[in-house]
Amino acid sequence: MTSDARPPLLQVENLKKQFHVRQRGSRETRLLRAVDGVSLHLGAGETLGIVGESGCGKSTLARLIVGLLQPSEGRVMMEGGDIWERGAPGRARRRKFQMVFQNPAGSMNPRRSVGASVAEPLQAKGERNTAETVARMLSLVGLDPAMASRKPHQLSGGQQQRASIARALIADPSIVVHDESIASLDISLQAQILNLLLDLQERLGTSYIFISHDLAAVQAISHRVIVMYLGEVVEASAAETFSRRPLHPYSVALRNATLLPDPARERSRGDAALRGDVPSPLNPPSGCRFHTRCPLASDLCAQQKPPLRDLGSGHLVACHYAEAGGARQIADEEAV
């Protein structure tokens, strides 16, 4: 919970999503814990960044939050009410979410015009005269309103993503979830889209959940950062605090995998890549799920799962040795 007496705009409580996966050549199924006990909150006008490697559960979490998937356990609360409450209240809360996907071309109907795709959220609410609103939203995201008559393939990748953002914002949502929304763009277009999102948030006050494997992009746009590994949150803090000093060894490794703008510092840092592969979520390691790749791992890490603890000022870390300074020492050495 936040320090405000009112509930936050979004509150996710102990969210879990499990899938029964049938193995090839067998009738038996195994349990895949895609999201395993995630809790978070989001305030009005705030951006929460969620980062982690592919397969850590980020996209499943995104779909749970917007209501595309129902949780196996836990709750998603919008303004104090469950989004899966039966009837009109639950439907009204789910309509407060919109989503921007990684592949803008794939998320728009290739046979419909860009304007028709952008207008879909309004039409779903029963509105029919949408041309003026569509033109205004296209202008807001930096597109010529005349592009409304074009087909998606007639737009560049950056223009397609701007149109997707316009479609997400046109129904005035409270929260927009960006699931790797800049991953398919080149670096210059990524910077343009990030700046556009910041500008739109300042104008409209929309809250964002920004999900990416790109830590630099997450830190550039977010007020707070959450790090996920194999379906769990391993660290959460204010973005500025996290950028200055991540405490979990996995977070340190992610930060050190980001290129530095200073070539001399980059060369002196050496090989900072994570060792080994991400374990299968069908058979996660015992204890701390990161211990098979962690330079600080001990027998304790393999035997006992570390709780997500507050080490001060709301900086949450799930590591047995973060408080003792082990992860801090790694961070300091790698930052030199």
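Each remark here, short or long, concerns the structure printed above.
Every value quoted in this text rests on a predicted model; they were computed, and no experiment measured them.

Asks: Is there a simple way to think about the overall build of the chain in this case?
Replies: A count of helices and strands for the chain gives 13 helices and twelve strands. Scored against the burial criterion, the 336 residues of the chain give a buried share of 47%. When contacts within the chain are restricted to residue pairs at least 6 apart in sequence, long-range pairs at least 24 apart make up 63% of them. A total accessible area of about 16300 Å² is found for the chain, and carbon and sulfur atoms account for 47% of it.

Asks: Can you help me understand the sheet that holds strand S4 (residues 73-78) in this one?
Replies: Note: strands within a sheet are paired through backbone hydrogen bonds, in either parallel or antiparallel orientation. Read across the sheet, four strands follow the order S2-S1-S4-S5 without closing on themselves; strand pairing throughout is antiparallel. Each of the sheet's edge strands pairs with one partner strand only, and the pair in question is strand S2 (29-42) and strand S5 (81-82). Here helix H1 (residues 58-66) sits on the sheet and contacts strand S1 (10-22), S2 and S4; the angle it forms with S1, its principal contact strand, is near 120 degrees.

Asks: Would you mind going over unusual backbone geometry with me for this structure?
Replies: In most cases, non-glycine residues show a negative phi, while peptide bonds are predominantly trans. The backbone phi angle of Leu-230 is positive, close to 50 degrees, even though this residue is not glycine. In the Ramachandran plot, Ser-313 falls in the positive-phi region, its phi being about 60 degrees despite a non-glycine side chain. Mapping Ser-313 onto the fold places it in the loop between strand S11 (309-310) and strand S12 (316-317).

Asks: Quick question: what am I supposed to make of the pairing of strand S3 (residues 47-51) here?
Replies: Along any regular strand the residues' side chains alternate between the sheet's two faces. The element S3 is extensively covered by neighbouring structure, given that five of its five residues are classed as buried. The alternating pattern of S3 places Thr-47, Gly-49 and Val-51 on one face and Leu-48 and Ile-50 on the opposite face, and all of these are buried. Alignment of S3 against strand S8 (residues 207-212), held across five bridges, turns out to be parallel. The partner of Thr-47 across the bridge, within S8, is Tyr-208. Pairing of S3 with strand S9 (residues 224-229) involves four bridges; the strand directions are parallel. Along S9, the bridge assignment pairs Val-51 with Val-227.

Asks: How do you make sense of the nonpolar core when you look at a structure like this?
Replies: Within soluble globular proteins, side chains that are nonpolar tend to cluster in buried spots. Grouped together as the largest cluster of nonpolar side chains are 48 residues, with contacts concentrated most on Val-118, Ile-165, Phe-210 and Val-227. Core analysis: the second largest hydrophobic core is formed by 29 residues, Leu-15, Cys-56, Val-66 and Val-233 among them.

Asks: Explanation requested: the sheet that holds S8 in the structure shown.
Replies: If you trace the eight strands from one edge of the open sheet to the other, you get S6-S7-S8-S3-S9-S10-S12-S11, paired in mixed fashion. Strands with a single pairing partner mark the edges of an open sheet, and in this sheet they are strand S6 (97-100) and S11. Those strands touched by H1 are S3, S6, strand S7 (175-179), S8 and S9, and its axis lies near 150 degrees from that of S6. Each of S3, S9 and strand S10 (232-238) is contacted by helix H10 (residues 249-256), which is oriented at about 105 degrees to S9, the strand it contacts most.

What counts and how
- Residues numbered from 1 in each chain as written.
- Predicted model: local features only at pLDDT ≥ 70, side-chain atom pairs only at ≥ 80, totals over all residues.
- Heavy atoms only, no water.
- Helix = DSSP H or I, 4+ residues; strand = E, 2+ residues; numbered from the N terminus.
- Buried < 20%, exposed > 50% of the residue type's maximum accessible area, 1.4 Å probe, protein only.
- Contact = heavy atoms within 4.5 Å.
- Areas by Shrake-Rupley, 256 points an atom, 1.4 Å probe, with all protein chains shown as cover.
- Pairing = 2+ DSSP bridges.
- Axes fitted to C-alpha atoms, helices over the stretch in contact; angles between N-to-C directions.
- Core = buried A, V, L, I, M, F, W, Y, C linked by side-chain atoms within 4.5 Å.

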